[in-house]
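So you can see what is in the structure, the chains are spelled out below.
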Amino acid sequence: MRFYWSGNEETRMTNYADFHRRSIEDREGFWSEQAKLVDWQSPPQQVCDYSNPPFAKWFVGGTTNLCHNAVDRHLKDRADQAALIFVSTETNQEKVYTFRELHTEVQRMAAVLKDLGVQKGDRVLIYMPMIPEAAFAMLACTRLGAIHSVVFGGFASGALASRIEDSAPRVIVSADGGLRGGKAVEYKPLLDEAIRLSAHKPESVLLVDRQVAPMPLVEGRDRLWGPLREKHLNTSVPCEWVDATHPSYTLYTSGTTGKPKGVQRDTGGYAVALAASMKHIYCGNPGETYFSTSDIGWVVGHSYIIYGPLIAGMATIMYEGLPIRPDGGIWWSLVEKYKVTVMFSAPTAIRVLKKQDPALLSKYDLSTLRALFLAGEPLDEPTAQWISAGLGKPIIDNYWQTETGWPILSICKGVDDAASKFGSPGKPVYGYDVKLLDDQTGEELAGGDVKGVVCVEGPLPPGCMQTVWRDDARFVSTYWKQLSGKWVYSTFDWGVKDKDGYFYILGRTDDVINVAGHRLGTREIEESISSHPNVAEVAVVGVADQLKGQVAMAFAVVKDASQLTDEAAALKLEGEIMKLVDRDLGAVARPARVRFVTVLPKTRSGKVLRRAIQAVCESRDTGDLTTMDDPAALQQIRDLVTG
Ligand code: AMP
């Protein structure tokens, strides 16, 4: 099937292998062309300074501004077109901001931040629900050259405190609360406690009162956005031109070990990388609408709710609410209403929708939608097949990380008409010199069935992390190795590559299990188990075993719990699943047990907390659980394994 990808005719004609090769072999030529996709105050003098590896400096000598590229430069051609579309099914609000209105609001926010003393290089921590003021705050920061650090609104005091301490913000922007499934999450007590716990104290806290939760103010520190905004209804705040290498933001990775790492991103490289990705990967055109269902607290929210679509001159939907409220058709209704052309979500969300009435997929007119991109975790084949059949659109799995800021592996539809293969996020994206390396010897693996660590030979392309905030040594020691004189970045993911150059991600290297000397990816086992018709979701972890070193243990959520009437029924289903794994992967991968639970423990971003499950199974301390969504889920497993 061939789909029409408007706007990129010229590049699509190019052979993708050549396109990719050129991005590596003629790095300067390739990226200087991409750099034309954004506005510069003064043009770069050097494309990439890699004289101090593994640190790469992109577009050296150039000055630019992210907010200018996302907002101001569109005023000429599309001031009255939609820029930010806010939809909350929690408060039943819907508001469309044009580029002109967005420009005005961002300047009001920038003026207020300036009044609070924020200057170029200062940090501003943003702890906000999915409301327009969060977007205004991010854009206002980059407008001023201040460095934002968005902390996911679902994090509680401890996690927030460590981020406040590390980023040391002058100002924190927050709100009275967020809403989830109709319930208010009170932010203010969490924030006050976090500030109390942190050794660093902000000078001011700017608060948006949405009147969903009580918000007692701290005299002399807390300021209300509403009245301060009123003072600046007509204030103009020009963009601060910054060096391309000036940090635009830090974003903390969920970090299962040690203190969270502040991934630091630059300005010029990020702007170019996002602009290029909108053209070559996502194929979004000015005047169209992009809908990413993520949250601004995550990297997808930064790159593909805020900056990427806006840089491309697209309208972007900011959605507050659940995917199944008022019903499982809500997202598709927005696609119809706002004529969404590009959509971005996560496999977990699709699995949630998979449990809903499939008729909801055909209820709305989705003719404008060209593709659904999914990322963040492995996309299992049954889920991919289900959504692909239901939508009748290309489903494009793309693989990347907080660290990279944009895809490492994908099908680049703007350049390459190659089809996706189920189970694979595709091929190395231009700019990434991806290598599959043997984890023991560091030697490059040719491909085939051999599993290796997915690595990228330095320099990382524009837009990727510059360093760990205030910790260059940690950046080098965590991510980089020197192999045969070359610097290589590790993604910490296992992968294989097929003969056509498609990669398959097999899970984190740190989640690998070793059963009787056989190394197995938990993902392979999970995929096999989830192909059972009565399995909705499953997590597999490696658990210490005296005889085999480790055994696999599976925890599954069934689709139809009414079949699990008693112990015998559960054992029968367990037996069926084991047979399935035997058949798919061989007895070596068969889990020692398959236990049934009603829900899996997950982070609020939807990642299964395998480490915590593993720790519970091994009667160890579960470590930091601040990102966990529902503690009862882990308790179910604890009860099962101790009961
Ligand atoms: P995060 O930094 O939270 O986005 O997590 C990045 C990690 O998520 C990667 O290192 C992978 O382990 C996983 N991941 C992201 N996208 C994919 C994908 N498309 N397929 C498989 N795993 C993915």
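Predicted model only: the values in this text are computed from it and were never measured.

So, how was this worked out
Residues numbered from 1 in each chain as written. Predicted model: local features only at pLDDT ≥ 70, side-chain atom pairs only at ≥ 80, totals over all residues. Heavy atoms only, no water. Axes fitted to C-alpha atoms, helices over the stretch in contact; angles between N-to-C directions. Helix = DSSP H or I, 4+ residues; strand = E, 2+ residues; numbered from the N terminus. Parallel < 35°, antiparallel > 145°, perpendicular 65-115°, else oblique. Left-handed = near helix turned anticlockwise from the far one by under 90°. Contact = heavy atoms within 4.5 Å. Nonpolar A, V, L, I, M, F, W, Y, C, P; charged D, E, K, R; others polar. Pairing = 2+ DSSP bridges. Salt bridge = Lys/Arg side-chain N within 4 Å of Asp/Glu carboxyl O. Buried < 20%, exposed > 50% of the residue type's maximum accessible area, 1.4 Å probe, protein only.

So, the packing of helix α7 (residues 132-144) against helix α12 (residues 299-311)
So, step 1. The contact between α7 and α12 brings their axes to 12 Å, and the two run at 60°. Comparing their axes, α12 and α7 come out oblique. The chirality of how α7 crosses α12 is right-handed. On α12, the residues that touch A135, M138, L139 and T142 of α7 are H302, I306, Y307 and L310.

Here's the deal with the packing of helix α19 (residues 610-617) against helix α20 (residues 631-642)
So, step 1. For the pair α19 and α20, interaxial distance at closest approach is 9 Å and the crossing angle is 25°. Classified by the angle their axes make, α19 and α20 are roughly parallel. Crossing of α19 over α20 shows right-handed handedness. Contacts between α19 and α20 involve A612, I613, V616 and C617 from the first element and L634, I637, R638 and V641 from the second.
So, step 2. Considered class by class, the residues forming the contact of α19 with α20 number 7 nonpolar, no polar and 1 charged.

Section: the sheet that holds strand β11 (residues 204-208)
So, step 1. Pairing is mixed in the open sheet, where 8 strands are placed in the order β12-β11-β8-β6-β7-β14-β15-β25. The open sheet terminates on both sides in strands that have one partner only, identified here as β12 (222-224) and β25 (467-468).
So, step 2. Bridging between strand β15 (residues 262-265) and β25 involves 2 bridges; their strand directions are antiparallel. Residue Q264 lies in a different strand from β25, and its bridge partner there is T467.

Quick look at the pattern of salt bridges
So, step 1. Considering all chains together, one arrives at 35 salt bridges under this definition.
So, step 2. Of the charged contacts, one joins K76 and D77 as a salt bridge, the two residues approaching to 3.7 Å between their closest N and O atoms.
So, step 3. The class for K76 is exposed, based on a relative accessible area of 71%.
So, step 4. The closest approach of N and O atoms between E230 and R229, which form a salt bridge, is 3.7 Å.
So, step 5. You can call E230 partly exposed: its relative accessible area is 48%.
So, step 6. By sharing partners, the salt bridges in this structure join E105, R108, R229 and E230 into a single network.

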